[in-house]
Amino acid sequence: MKPAPRVPVLMYHRVGATRNAWEARYAIAPGAFAAHMDTLAKGGYRAVELQAFVDWLGGGPELPAKAIVITFDDGFRGVREHALPVMEQLGWPFTVFLVSDLIGQQDHWTRSANPDGVTYPLLDAGEILEMQQRGVSFHSHTRNHPSLPALDDAQLADQLRGSRQQLAALLGHDVPYLAYPFGHLDDRVEAAARAAGYRAAFSTQPGFNRLDVNPYRIRRLDIAGTDTPGMLLRKVRLGSNDGSVGHAARYYIDRVKSRLPGART
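Residues numbered from 1 in each chain as written. Predicted model: local features only at pLDDT ≥ 70, side-chain atom pairs only at ≥ 80, totals over all residues. Heavy atoms only, no water.

A.B. asks: Got a sec to walk through the layout of surface pockets? Specific residues and values, please.
C.D. replies: Of the pockets and cavities examined, the largest pocket occupies roughly 380 Å³. Where the lining of the largest pocket is concerned, the elements lending two or more residues are helix 1 (21–26) and strand 5 (67–74). The leading source of residues in the lining of the largest pocket is helix 1, at four residues. (1 Å grid on protein atoms, 1.4 Å probe; cavity = no way out; pocket = protein on both sides within 12 Å on 5 of 7 lines; lining within 4 Å. Points joined across faces, edges and corners; volume = space filled by probe spheres on them. Helix = DSSP H or I, 4+ residues; strand = E, 2+ residues; numbered from the N terminus.)

A.B. asks: Report on the packing of aromatic side chains, specifying residues and quantitative values.
C.D. replies: Counted according to the given criterion, the structure contains eight aromatic pairs. Over the face of the ring belonging to Tyr-120 we find Arg-14, whose NZ or CZ atom lies 3.6 Å from the ring centre. Over the ring of Tyr-198 we find Arg-164; its NZ or CZ atom is 5.5 Å from the centre of that ring. (Phe/Tyr/Trp six-rings, centres within 6.5 Å; stacked < 30°, edge-to-face > 60°. Lys NZ or Arg CZ within 6 Å of the ring centre and 35° of its normal.)

A.B. asks: Explain the pattern of salt bridges to me, using residue names and the numbers behind them.
C.D. replies: If you walk through the whole model with that rule in mind, you get 18 salt bridges. Across the pair Glu-127 and Arg-77 runs a salt bridge whose closest N-O atoms are separated by 3.2 Å. Of the two residues, Glu-127 is situated in helix 5 (residues 125–133) and Arg-77 in helix 4 (residues 77–90); the sequence distance between them amounts to 50 residues. By relative accessible area, Glu-127 is classed as buried at 14%. For Arg-77, a relative accessible area of 23% translates into the label partly exposed. Linked through salt bridges whose partners overlap, the residues forming this network are Arg-80, Glu-88, Glu-130 and Arg-134. (Salt bridge = Lys/Arg side-chain N within 4 Å of Asp/Glu carboxyl O. Buried < 20%, exposed > 50% of the residue type's maximum accessible area, 1.4 Å probe, protein only.)

A.B. asks: Talk me through the side chain of Glu-127; I want residue IDs and the actual numbers.
C.D. replies: Within the local environment of Glu-127, its side chain forms a polar contact with the side chain of Arg-77, the two groups lying 3.2 Å apart. Those residues in contact with Glu-127, other than ones at most four positions away along the chain, are Arg-77, Arg-80 and Leu-122. (Polar contact = N/O pair within 3.5 Å; in protein donor to acceptor, adjacent residues only side chain to side chain. Contact = heavy atoms within 4.5 Å.)

A.B. asks: So what about helix 3 (residues 50–57)? Which residues, and what values?
C.D. replies: Turning to helix 3, its buried residues number three or more, namely Leu-50, Phe-53, Val-54, Trp-56 and Leu-57. Taken end-on, helix 3 shows its buried residues confined to a sector of 155°, consistent with a single buried face. Buried-residue contacts for helix 3 involve strand 1 (9–12), strand 5, strand 6 (95–98), strand 7 (137–140), strand 8 (177–179) and strand 9 (200–202). After helix 3 finishes, the residue Gly-59 shows a positive phi value of roughly 95°. (Arc of directions from axis to C-beta.)

A.B. asks: Could you give an account of the nonpolar core, with specific residues and numbers?
C.D. replies: The biggest cluster of nonpolar side chains holds 35 residues, and the ones touching the most others in it are Tyr-12, Phe-33, Leu-40, Ile-70, Phe-72 and Phe-94. Looking at this core, the elements that each hand over two or more residues are strand 1, helix 2 (30–42), strand 5, helix 4, strand 6, helix 5, helix 6 (153–171) and helix 8 (229–238). Looking at this core, the element that brings in the most residues is helix 4, giving five residues. In this structure, Val-9, Ala-67, Phe-97 and Ile-218 belong to the second largest nonpolar core, which totals 19 residues. (Core = buried A, V, L, I, M, F, W, Y, C linked by side-chain atoms within 4.5 Å.)

A.B. asks: Can you break down helix 8 residue by residue, with the values?
C.D. replies: Buried residues of helix 8: Leu-232, Leu-233, Lys-235, Val-236 and Leu-238, and no others. The positive-phi residue at the C-terminal boundary of helix 8 is Gly-239, with phi of around 65°.

A.B. asks: An account of the environment of Phe-182 is requested, with residue identities and associated values reported.
C.D. replies: Position of Phe-182 relative to the elements: it lies in the loop between strand 8 and helix 7 (187–195). Sequence-distant contacts of Phe-182, that is, excluding residues within four places in its chain, are made with Trp-109, His-145, Pro-146, Ser-147 and Thr-204.

Okay, here's the thing in structure tokens:
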């Protein structure tokens, strides 16, 4: 099998029922999530561990041609209830990025954005440790999910270092990876992540990850609850957040045009 020239990283959030269109953007129904994973598996894709992916980026062992990485931001309880059984059945690893100050609480940072003003439960310490024993990896999503560029230097360092320390104490091992809340980052935030001891960090910028990607700006594909299995496949194949048929058609038309005589290269 040919090695992977590029690897997509998928970003999910909550798995569970939704109340409104805003929630459907960030939450996927359990049955729909199972259909997503089944479609990927039937398409020949295979999830690999986050550590194996980061090792590959650093020049380590090759990954298979259709390797993917599956991540969940925030640490919702529904991931354990609905996603974990699906992933265990497939034998696929995945990673959850935790908001360390809010373990066992609710996603309070979404209350003002959600039209219904509701929040949802996050994993508690016991659930996290049980999932870790079952092969799930956990890393940092800061202390309380702020927009990092808006913080001063001291607050920024506290969010990054504090979360690493809290999670290391809970998990019993180092926590070297970070997902930026909301995907918000700039050069100062990237420098602070490096200074806080993280060895890689995940953004929300779409696209494929090749060996030359900045390890502190790893790209992820945003998977919505409204994405059909077909839309998911198009996102993964094209490295895009646009899973529409129209976008795929334009992509392939442009590729054909680029190969025509006289086309610019």
